[in-house]
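# Close look at the chain arrangement
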Amino acid sequence: AYAENVKIALVVKSLGNGFFDAANKGAEEAAKELGDVDVIYTGPTKATAEAQIEVINSLIAQKVNAIAVSANDADALVPVLKKAMDRGITVISWDSGVAKEGRQLHLNPSDTNLIGETIIKLAADYLPEGGDVAILSASSTATNQNAWIEAAKKVLPEKFPKIKLVATVYGDDDSAKSTDEAKGLLKSYPNLKAIIAPTTVGVVAAAQVVTDENLIGKVNVTGLALPSEFKKFIDNGASQAVALWNPIDLGYSAIYLAHDLAVKKEEAKPGATLSIGRVGKVTLDDTNSAAMAPPFQFDKTNIEKFSKIY
Amino acid sequence: MDTTAQHKMETERPEPSGLSQPSAPRLTLSGISKSFPGVRALHNVSLSLYPGQVTALIGENGAGKSTLVKIMTGIYQPDAGEISIDGQATALPSAHAAFGHGITAIHQETVLFDDLSVAENIFLGHAPRTRFGIIDWRTMRKNAREVLETMRAGHIDADTRLKDLGIANKHLVAVARAMSIDARIVIMDEPTAALSMKEIEELFLLIEFLKSEGKAVLFISHKFDEIYRIADRYTVFRDGEMVGEGLLKDASQGQIVRMMVGRNVDHIFPQREPKIGAPVLSVAGLSHPTEFDDIGFELRKGEILGFYGLVGAGRSEVMQAIAGITRTSRGTISLEGQAIAPKSAADSIEAGIVYVPEERGKQGVVIGLPIFQNVSLPSLRRTSKSGVLRLAEEFSLARSYTERLDLRASSLSQDVGTLSGGNQQKVVIAKWLATAPKVIILDEPTKGIDIGSKAAVHGFMAELVAQGLSVIMVSSELPEILGMSDRVVVMREGRIAATYDNKGLDAETLVRTAAGIVA
Amino acid sequence: MKNFFKYREIWLLAGIVLLIGLISTRFPGFANPANLRQVFNDTSILMILALGQMVVILTRSIDLSMASNLCFTGMVVAMLNAAHPAIPIPALIVIALLVGLVLGAINGLLVWRLNIPSIVVTLGTLTIYRGATFVVSGGAWVNADQMSSDFINFQRAAFLGLPVLSWIAIAVIALFFVVMTRTQIGRSIHAIGVNPTASVYAGIDVGRTKFIVFCISGMIGGLAGYLWISRYVIASVEVANGYELNIIAACVIGGISIAGGIGSVGGAVLGALFLGIISNALPVINISPFWQMAISGSAIILAVVLNARGERRQGRIILRKAEAA
Amino acid sequence: MTDTPAPRHIPDRLDKPLSSAIFSWEALLVVIAVAIFAINSFASPYFLDPWSLSDLTFNFTEKGLIALAMALLIISGEIDLSVAAIVALASTMMGMAVQAGAGAPVLVLIGIVVGLGCGAFNGLLVTRLGLPSIVVTIGTMSLFRGIAFIILGDQAYKGYPESFAFFGQGYVWWVFSFELALFLVAALIYWFVLHRTSFGRRVFAIGSNPVACQFSGVRVDRIKFILFCLTGLMSGIASVLITSRLGSTRPSIAQGYELEAITMVVLGGVSILGGAGSILGVVLAAFIMGLVTFGLGLLNVPGIVMSIFIGLLLIIVIALPIVWRRLREGRFA
Ligand SMILES: Nc1ncnc2c1ncn2[C@@H]1O[C@H](COP(=O)(O)OP(=O)(O)OP(=O)(O)O)[C@@H](O)[C@H]1O
Ligand SMILES: Nc1ncnc2c1ncn2[C@@H]1O[C@H](COP(=O)(O)OP(=O)(O)OP(=O)(O)O)[C@@H](O)[C@H]1O
Ligand SMILES: [Mg+2]
Ligand SMILES: [Mg+2]
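Predicted model, so just to flag it, every value in this text is computed and none were measured.

Interfaces are often sized by the accessible area lost when the parts come together. Residues and elements named next belong to chain B. Taken domain by domain, chain B holds domain 1 (30-102 + 185-260), domain 2 (110-183), domain 3 (267-352 + 438-447 + 463-519) and domain 4 (358-436). For domain 1 and domain 3, the distance between their C-alpha centres works out to 35 Å. Buried area between domain 1 and domain 3, summed over both chains or domains, comes out near 440 Å², and the portion from carbon and sulfur atoms is 72%. Linking domain 1 to domain 3 there are 0 salt bridges. Our count for the domain 1 to domain 3 interface comes out at 0 residue pairs in polar contact (both at pLDDT 80 or more). In the side of domain 1 that touches domain 3, the residues fall into 4 nonpolar, 1 polar and 1 charged.

Another aspect to go through is the site of ligand 1. Contacts to ligand 1 come from 18 residues, most closely from Leu 165, Gly 314, Arg 315, Glu 317 and Glu 359 of chain B. Residues within reach of ligand 1 are spread across chains B and C. One nitrogen or oxygen atom from the side chain of Arg 315 of chain B is found 2.5 Å from an oxygen atom belonging to ligand 1. Burial of ligand 1 by the protein chains amounts to 89% of its free accessible area of 580 Å². Ranked by residue count, the leading element in the shell around ligand 1 is helix α10 (residues 315-322) of chain B, at 4 residues. Taken together, the residues of the shell around ligand 1 break down into 6 nonpolar, 5 polar and 7 charged. Residue-level mapping places the shell around ligand 1 at the junction of two domains, with at least three residues from each of domain 2 (110-183) and domain 3 (267-352 + 438-447 + 463-519) of chain B.

This part is about the environment of Lys 13 of chain A. Residue and element names in this part refer to chain A. Along the chain, the position of Lys 13 falls in the loop between β1 (6-11) and α1 (18-34). For Lys 13, a relative accessible area of 14% corresponds to the buried category. Sequence separation of Lys 13 and Thr 48 is 35 residues, and the distance between their C-alpha atoms is 7.7 Å. Apart from the residues lying within four places of it in its own chain, the contact partners of Lys 13 are Phe 20, Pro 44, Lys 46, Ala 47, Gln 52, Ser 70, Ala 71, Asn 72, Asp 95, Ser 96, Asn 144 and Gln 145.

We now examine the pairing of strand β2 (residues 37-42) of chain A. Residue and element names in this part refer to chain A. In this sheet, β2 lies alongside β1 in parallel orientation, the contact comprising 6 bridges. Counterpart to Ala 9 in the pairing with β2 is Ile 40. Each parallel crossover has a hand, and the one from β1 via α1 to β2 is right-handed.

Along the chain, Ala 319 of chain D turns up in helix α15 (residues 303-329). Ignoring sequence-local partners within four residues, the contact set of Ala 319 of chain D consists of Leu 114 and Ile 116 of chain C.

On the side of chain D, 32 residues touch chain B, which itself brings 50 residues to the contact. On the surface where chain B and chain D come into contact, there are 2 salt bridges. Taking the shortest distance from any N to any O, the salt bridge between Asp 347 of chain B and Arg 219 of chain D comes out at 3.2 Å. One can count 13 residue pairs in polar contact (both at pLDDT 80 or more) joining chain B with chain D. Of all the secondary structure elements, the ones that give two or more residues to the side of chain B that touches chain D are α11 (345-351), α12 (360-364), α13 (371-376), α14 (380-383), β18 (388-389), α15 (391-404) and α16 (421-433) of chain B. With 6 residues, the single largest contributor to the side of chain B that touches chain D is α15 of chain B. Among the residues making up the side of chain B that touches chain D, the classes are represented as 23 nonpolar, 15 polar and 12 charged.

Residues and elements named next belong to chain B. Structurally, the position occupied by Ser 348 is in helix α11. On the basis of relative accessible area, Ser 348 is assigned to the buried category, the value being 1%. Residues within four places of Ser 348 in sequence aside, it is in contact with Ile 322, Ala 323, Gly 324, Pro 342 and Ile 353.

Turning our attention to the state of the cysteines. Residue and element names in this part refer to chain D. Following the criterion strictly, the structure yields 0 disulfides over all chains and no others. The cysteine Cys 213 is free of any disulfide, with Cys 229 supplying the nearest cysteine sulfur at 19 Å. Of the residues examined, Cys 213 reaches a relative accessible area of 0% and is grouped as buried.

Thresholds, definitions, all that
- Residues numbered from 1 in each chain as written.
- Chains lettered and ligands numbered in written order.
- Predicted model: local features only at pLDDT ≥ 70, side-chain atom pairs only at ≥ 80, totals over all residues.
- Heavy atoms only, no water.
- Domains from an automatic or database assignment.
- Buried area = accessible area lost by both parts, 1.4 Å probe.
- Salt bridge = Lys/Arg side-chain N within 4 Å of Asp/Glu carboxyl O.
- Polar contact = N/O pair within 3.5 Å; in protein donor to acceptor, adjacent residues only side chain to side chain.
- Nonpolar A, V, L, I, M, F, W, Y, C, P; charged D, E, K, R; others polar.
- Near = heavy atom within 4 Å.
- Areas by Shrake-Rupley, 256 points an atom, 1.4 Å probe, with all protein chains shown as cover.
- Helix = DSSP H or I, 4+ residues; strand = E, 2+ residues; numbered from the N terminus.
- Buried < 20%, exposed > 50% of the residue type's maximum accessible area, 1.4 Å probe, protein only.
- Contact = heavy atoms within 4.5 Å.
- Pairing = 2+ DSSP bridges.
- Right-handed = clockwise from strand over helix to strand, strands pointing away.
- Disulfide = S-S within 2.5 Å.

Right, dumping it as structure tokens:
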């Protein structure tokens, strides 16, 4: 049985991140459901492209059947992933994508434009009068964050004319740097009404800063957060609401798609509609990308429940 | 305070009771052996030190003297043997333990703390403390001043940083440190090597004072006049073994030298028939913003030009400037009529001027490299071919020079760091001779060198000039200056005080000129 | 000697005042006391760490493992707190000190007993301690929600107008000042850096003293571990990654000579403040975050150049002596 | 009368016991490398595959190239912590050139020249101003990478020409990659320079006693300057390789390489205090680090756990000879 099992590597940006651990739960779930799958959950400890390449190299050597990667760098991984595909390995990216040449398909957790709109909406919903907002992003090289911020900037003038985006800063997914940057924002923009952090590390740092500086009620922190990590700040009022998709579903879907491609059950081509088990179906666009589900919003009413799940 | 100290020092020292039948020794070493990888430094040696007496430890370079000192001060552990203090068998596992037994040493290399104040240098490790166990700086400074005054070194400010003192004063601080811990055994390893005559006199007064206080003193020196003046007893080492001991008054210098080297050595400066030719090196108006001014002299072919002066007169600085190491502000240097402006030692070595530095450990040897690589270092261009090393050339170069200097080493591939001080000096001299220079500047070439090797170095110098080389010899030793030089330049406080022809030149004239005392 | 050091620190202080002045022209609120208090508080952890590093550097050693120690100890106390919220904070601090001490002692023992250069030892433990963090935590993070509110709020409580964190920094500074200038061990640490051989001859046990300084830097790393985690409310394997170089940079800017023997408590504190002010100010004066790295790099180089000028030994000045005489 | 004894003959070398060769550092490293190789072959069925072994070399070739020059620098008593930042800056400059339409040869030239320039900048600061290199390069480390950040911000450069891919992805023959070939050739050159030329001899001497070298006519500053330039140059070359391998440039490229390169050098038996070391040791250490990381990678051990192994390896390998010697001398209480 061992030899026949499909070996799928779930390669994440960095190990230890709660988001990816949750994704792994979904991956295991998919593996159980599919029956003939072994999941290798792996990734570098440091979120760099080079470290991820070393991991992928060793996966190639292990002759895995498929690699599903959340990339630290959209372009740097392309050569090694091409090599993997040359050696007959199925490659997909999920969460944070790889450039088109480096994978067979990309599974977006959600629609990029939708996320961009959601993160602004989360802030705008609590600012009927409008006002200044700032974005605290992860590293300046994170593909997905940049795409969301781009999308957010696009929708601002038409849909949220009263909201003014005054700054975008980068906390590098490092809690200390994110804290410094959040403090800097509060000092530089005394009229700031909301900090939008589309990153799970940044959003916690920003919420802690707002709590420390006694600005609860004056500055609203929002963005993308794991309910389990963020519950505290919804509870104390530093944040009204945050959003995220379900990382468990994301991991589940990634494994499901990788499996189907690897065993040639499905083929990735523009316009194709692929089934992903309990999560439903996705349709590939002309870059072979698909979006899983709209982001899900957490606030006082439901955070308790979800914080127990992921 | 001052007067009592002076009084104490000037009182006749009491005739040590029982010089012939010494009182019980304070410290006895017996059967001590110590080996380093590949070297047997000490083999079954013994030594006794008596209260109120000065024992001289005598031996050639590498005989094991400093090694024994390090054993007595707890820095090295002997491989075998016993140490007893006041008849009690004792172990000295660390410097701290030796300290605790009242053993202090002024080591061969001055080892103090350049960046700490004088007071702290004296009291480091045993500073006075307040009730709360906190260092009491005020008392410490006060005590430091007192100790310095007791030794008539009150001119040293307890608050200055050590690095701002001259070498002689640094030595005094080292002595003050020894005095500050009520030492019972004081060891001095070649304390006079870096001192001028005046300072040596002061040191001797101090040793007399220590004797009168009943301390047991061990005195190491290569200079027999000093030994006979200050010491009561002697112990002689040869090649790591003890070959004799006794009372100095019962032994002649000749006997001791025979014990030391195992043969007769009568150090007479080589007789030369100087064939002095045209000027080789001329220096004019050489100046440095802070260290020396308007230095001018000529060195002729086949000549030995002595440079005399008190320690600190600036001779080394001038020589380093000629060798391209120190930058000058003004003046000209010309070699065989060609003006040269060396910007680095490499330039002057290439031109044919080499400088054998005074500070052997810092400026001379490269510890970590084997002997032959040390010797070939300035000559690499000759021993290599288009940048590629040729080991055979290096070995033969190294061999020819080290053997002529009678180097004691087990092989040419031995790390120079494992040689004794004197033998390291020979490697240093060999290294610069090997560059085949036209002019060689030797800065204190026989400092710390034993009598046998000294004769070898002097003989060698004579040989060099006979071959047409020109030598500048910086020395603070009058006999050496008088015995070796054709002419003598005397420097004082950064300037040339006088130049003498060495015909009927007497020591007194030199000393007076160097010290600036007008007759 | 005293004057010499004072001199250097005054220059550094002047530099800091100038820097604050410069920032104030772009961001007027920067120099007001409330903000400066906050800058001090924000820099507290770096100051504490710089002091721990300073004692190591003074002995001609270096501790590259401090940030990893911080990460490991922080993770241990965070996990303890998450598992047993009942453990009182002072007990956790003691645990942090002890864990840090053990890690420091490991460095110290290797340096002392085996005589391995400290840069090699701590280059090794730098990766080992961070790896060990991964092993004890299984790679999982401890986040704000798992920490007790005491754990998070202890350092934030205000006392006489300053947060406890600032007071801890002040206490550590005072303690180091007394130890370095007024105790035997402090002077021995200094002396070892000035001249290790002479220290041996002076009866100082150089190896043991080095062991002690690594224990000190270890304890400081441990303390900073708790402070860091409770400040940034997340414990992960990546905490303070690469921060060892910031700590060393603070020391360097503070005029502590990497060659040992030269440096003071005031210097380390000011050096840390200098870096703290820069990282605090850049975001507020609207300099693109992408400039931050280049600016702090230039600041380090500038500080080193200036310090080296001050350190350069003067000649012996034979001539002036002669003229004066 | 003075008797002049005949000069004693001093042999060139003493015959060393065989044991000293057996217990040499390089021998120890060879044993370790073979042991790890054997363990890897047992632990993973995928290890003994030509392509696996070839992929393995990518784990160390770029850092190894830097380590070769770093070894010389450390032997001379200096250090360069800015190498990874130089890689980043050189890569950024190459990226700019690509945007301007430069072809592969120009890119390589730019990588090398930028590397050299950065090295020269470090060298000038250290030799002209007499600053300690560890501190200078902590500063330039931020400066160089900072400039890359200023230029690139949150952008990436890509679109490197096809022909440029050869350097980091190409194979010279069968499974032998260009990177590996370059590393081996460079190792040979560095071995020759360090161990067989007068330049190398001077490097050793400077590391042991720079003052005495200066007095002996060695142009200490010039040699140190050259060594910094060489280190910059090798970083520039490494930058070409890594940029080609990744096919893109971000300012965070090559983060942490400096410590890995230094670990290689130290593991290779180079004394961090200067004055001692060998290129063979460094090459062996590079292979060992590749073997360990790749072998553990095959077992899907997370990178951070690998780093524990590397850290332990470093300390144990350095401690082993010391402990061994003490045991022999019976000096362990
Ligand atoms: N107080 C001091 N500070 C700095 N360097 C010193 C000091 N004393 C001596 N030196 C250095 O030690 C060496 C020997 O100095 P020394 O006292 O012999 O005096 P000098 O003037 O250099 O030479 P000489 O005694 O030969 O005239 C010189 O190279 C000098 O630079
Ligand atoms: N650390 C060491 N390692 C190896 N060999 C050493 C060491 N120290 C001393 N030796 C060797 O021990 C022997 C004795 O040296 P020592 O320094 O005691 O001589 P010394 O009598 O003081 O000579 P000098 O008059 O030249 O100072 C020498 O052969 C020396 O090479
Ligand atoms: Mg001696
Ligand atoms: Mg002199």
